[in-house]
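One-letter residues, chain by chain:
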Amino acid sequence: MRFVSANLLALFLLCTCSCVLYVWSRLEDRLGRQKRGFHGAGPLFAYSKSADLSARTFRALLTVPAAQKSHHYNRIDSHNSSNTKEKAGDIVKRNYHTHVTKITSIKRDTLRFNEIIEDGIFWSQRLDDHLPVGFSEVHARTWRQRARGNLVVSLESGCGRVSNQLATFSDGSKACVRYGINADQIQGETLSYYLANLLGITNIPPVILSQLNVDSEQWGSVRQRVDGLQWSAGAIVSLTEWVANLTGVVTPAPLRQESKGLHPLLPELENKTIAGLLELVQWSDLIIFDYLTANFDRLVSNLFSLQWDARVMERDTSNLLRTPSGDLVFIDNEAGLVHGYRVLDMWERYHSTVLSSVCLFRKATAQHIIDLHRSRDTRMRLLELYRDREPLATELGFLSDEHARTLQNRIDRLYKHILNCKDKYSQL
C-alpha cells in the first residue's frame with residue numbers, strides 16, 4: 001500500500017511540474033509575440049497617426065508623441081534631400097548637427113565660473129562659440145529664393161488662427177501664411193524678423209512677403225481655397241518658414257517670479273549643464289529682442305497672467321519652441337514693433353520688469369546695441385536692410401516716424417541698462 005501511495009505521489013508531482021513548465025513556456029511565448037508585435041507595430045502606428053500632421057505646426061506639434069514627431073520630421077524633410085543641390089532644410093539640419101558636435105567637444109558637463117562669464121556681465125566667448133547656428137543668412141537667402149520661386153499647391157489650417165494657413169509648396173516644403181486683420185500684424189512679423197537680423201539674432205525663421213493674385217502662377221493652384229477664405233485680392237501676406245519637430249519651452253528658474261533674476265552672481269550657473277547654459281544665453285537674447293519690439297505675447301503675457309494663474313511660468317511659454325539640437329525658435333512675432341508700440345502704455349511696466357531681471361548678455365548682441373545707440377540711425381539701417389532683401393517692402397510700408405523714434409528710444413534705454421549692469425558687477 002505504501003508503494004502504491006508513493007507512486008501516486010510521484011505521479012502527481014510529475015504532472016504538476018509538467019503543467020508548470022507548459023504554462024511557463026506558453027506565457028514566455030506569448031510575451032515574446034507581444035514584444036515582437038509592439039516593435040513591429042510602432043512605425044505603422046506612428047505613420048497612421050502622422051497622416052494628418054502635415055496640417056500641424058508650432059504649438060500643435062506639442063501634443064504629438066515624440067515617436068510620431070520624429071517620424072513626421074523625417075517624412076517632411078525627405079522632400080529637401082531629393083535633389084543633388086543642397087536644400088534649405090538640409091542646411092538647417094547640418095547646422096544643428098554641427099552644434100551637437102561642438103558641444104560634445106567640451107569634455108566636461110559643466111563649466112567653471114571664469115569659463116561662463118567674461119568682463120562682468122557677458123557670456124563667455126567659449127559659450128558663444130557653441131551656440132546653435134539657428135537660421136543663418138545663408139539658409140535664409142536660400143529659403144527666400146525657393147519660397148518666391150515655388151508654386152503654392154495647397155493651403156490648410158495649422159498655423160494658429162483661422163485666417164492663417166499652412167502652405168505647401170511644389171517642392172514639398174511648407175510655410176505659414178499670415179493674412180493679417182490689418183497691416184500691423186504683417187509689418188510686425190516682417191520687421192521684427194529684420195530687426196533680429198540687424199542685431200545678429202538668428203532664432204527667427206526667415207520671412208518673405210507675397211501679394212495675393214489667384215491669376216498668378218504661384219497662387220493659381222489654390223484659387224478655390226483663397227476664395228473660400230475670403231482673402232482680398234492683392235493683399236500682402238507674409239510667409240514664414242515652417243519648422244517641424246519642435247517642442248515647448250518652460251521659462252527657466254532664474255527668470256521666474258520667485259527668482260532674483262539672471263545675473264553674474266547667480267550661484268546655480270556653475271551647476272548648469274552646458275546645454276542649460278546655452279539655453280540661458282538664448283533667453284538673454286530673447287528678452288532683449290522682446291523689449292525692443294515691445295512684443296507682449298511671450299514672457300510678458302506670462303508675467304501679466306500671474307495675477308490669476310500662479311503656475312503660468314511652469315507651463316510652456318507662448319510663441320517659443322525648441323529644436324532637437326537646443327535652438328530656441330522665436331515664432332509669431334506679429335505683436336512686435338507696430339501693434340506692440342500702439343499698446344505700449346498697457347504693457348510697459350511688464351516689459352521693464354522683465355528687462356530688469358537680466359544682467360547677462362551676449363557680447364555680440366550688446367555690441368550691436370551700443371553701435372545703434374551711438375550712431376542713432378536704427379531707423380535707416382533697418383529700412384535699408386528691409387528694402388534690400390524684400391521686394392514688396394514699399395507696398396507693405398515701414399514704421400511711422402513716431403514708431404521709429406520709439407524703437408530708437410528703446411535702444412537707448414537698453415544701452416543704459418547694460419551700463420547699469422556693468423557698474424553693478426564691474427568687480428567680477
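You'll find the structure just up there.
Residues numbered from 1 in each chain as written. Predicted model: local features only at pLDDT ≥ 70, side-chain atom pairs only at ≥ 80, totals over all residues. Heavy atoms only, no water.

Participant: Just to check I follow, could you spell out the sheet that holds strand 7 (residues 236-241) for this structure?
Facilitator: Strands pair in a sheet through their backbones, by hydrogen bonds, and they do so in one of two ways: parallel or antiparallel. Across the sheet, which stays open at both edges, the five strands sit in the order 3-4-5-7-6 with antiparallel pairing between neighbours. Either end of the sheet is taken by a strand with one partner, and the two such strands are strand 3 (152-156) and strand 6 (207-211). Across this sheet, the average inter-strand angle for adjacent strands is 30 degrees, counted without regard to direction. (Pairing = 2+ DSSP bridges. Helix = DSSP H or I, 4+ residues; strand = E, 2+ residues; numbered from the N terminus. Axes fitted to C-alpha atoms, helices over the stretch in contact; angles between N-to-C directions.)

Participant: So what exactly am I meant to see when it comes to the nonpolar core here?
Facilitator: Proteins that are soluble and globular tend to have nonpolar side chains buried together. By size, the foremost hydrophobic cluster in this structure holds 83 residues, and its most contacted members are W123, L262, L269, L292, F361, I369 and Y386. For this core, the element with the most residues is helix 9 (residues 274-293), which contributes twelve residues. Beyond its immediate stretch of four places on either side in the chain, L262 contacts W123, P254, L255, L269, L280, S357, V358, C359 and L360. (Core = buried A, V, L, I, M, F, W, Y, C linked by side-chain atoms within 4.5 Å. Buried < 20%, exposed > 50% of the residue type's maximum accessible area, 1.4 Å probe, protein only. Contact = heavy atoms within 4.5 Å.)

Participant: Sorry, what's going on with the packing of aromatic side chains here?
Facilitator: Within the structure shown, the criterion is met by ten aromatic pairs. A ring pair is formed by Y179 and W231, whose centres lie 5.2 Å apart and whose planes are at 5 degrees; its orientation type is stacked. Placement of the pair is Y179 in the loop between strand 5 (174-178) and helix 7 (183-199) and W231 in the loop between helix 8 (223-229) and strand 7, with a sequence separation of 52 residues. What links up through ring pairs into an aromatic cluster is the set F296, F304, W308, W347 and Y350. When the ring centre of Y291 is taken as reference, the NZ or CZ atom of R410 above it lies at 4.1 Å. (Phe/Tyr/Trp six-rings, centres within 6.5 Å; stacked < 30°, edge-to-face > 60°. Lys NZ or Arg CZ within 6 Å of the ring centre and 35° of its normal.)

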